[in-house]
Amino acid sequence: MKKIASIILILLALVMFYLAYQIGGLPPAITGVGFVVIALVFLKEDTVT
C-alpha cells in the first residue's frame, strides 16, 4: 500500500514541478519537493520492514 502511495506522490510531485515551471512560482515547487521526500520515506520504510 505504501508503495502505491509513494508512486502517486511522485506523480503529483512531477505535476507540481510542471505547474511551478508554467507559472514561474516557487510554492508548487516546494510542495513537489515535499511530496518527493514523503515518497522516499514511504519507499525506505518498505525496504526496512
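Before reading further, recall that the structure is shown in the block above.
**Topic: a nonpolar patch on the surface**
- On the surface, Ile7, Ile10, Leu11, Leu14, Phe17, Val33, Val37 and Val41 cluster together to form a nonpolar patch covering roughly 680 Å² of accessible area.
- Elements with a minimum of two residues in the nonpolar patch: α1 (2-23) and α2 (27-48).
- For the nonpolar patch, the element with the highest residue contribution is α1, accounting for five residues.
- Examined against the element boundaries, Val37 turns out to sit in helix α2.
- By relative accessible area, Val37 is classed as partly exposed at 47%.

**Quick look at the environment of Leu9**
- Here Leu9 is to be found in helix α1.
- Given the relative accessible area of 14%, Leu9 is considered buried.
- Sequence separation of Leu9 and Val36 is 27 residues, and the distance between their C-alpha atoms is 6.7 Å.
- Beyond its immediate stretch of four places on either side in the chain, Leu9 contacts Phe35, Ile38, Ala39 and Phe42.

Calculation criteria
Residues numbered from 1 in each chain as written. Predicted model: local features only at pLDDT ≥ 70, side-chain atom pairs only at ≥ 80, totals over all residues. Heavy atoms only, no water. Patch = residues over 30% accessible without salt bridge, like charges linked within 9 Å, V, L, I, M, F, W, Y side chains within 5 Å. Areas by Shrake-Rupley, 256 points an atom, 1.4 Å probe, with all protein chains shown as cover. Salt bridge = Lys/Arg side-chain N within 4 Å of Asp/Glu carboxyl O. Helix = DSSP H or I, 4+ residues; strand = E, 2+ residues; numbered from the N terminus. Buried < 20%, exposed > 50% of the residue type's maximum accessible area, 1.4 Å probe, protein only. Contact = heavy atoms within 4.5 Å.

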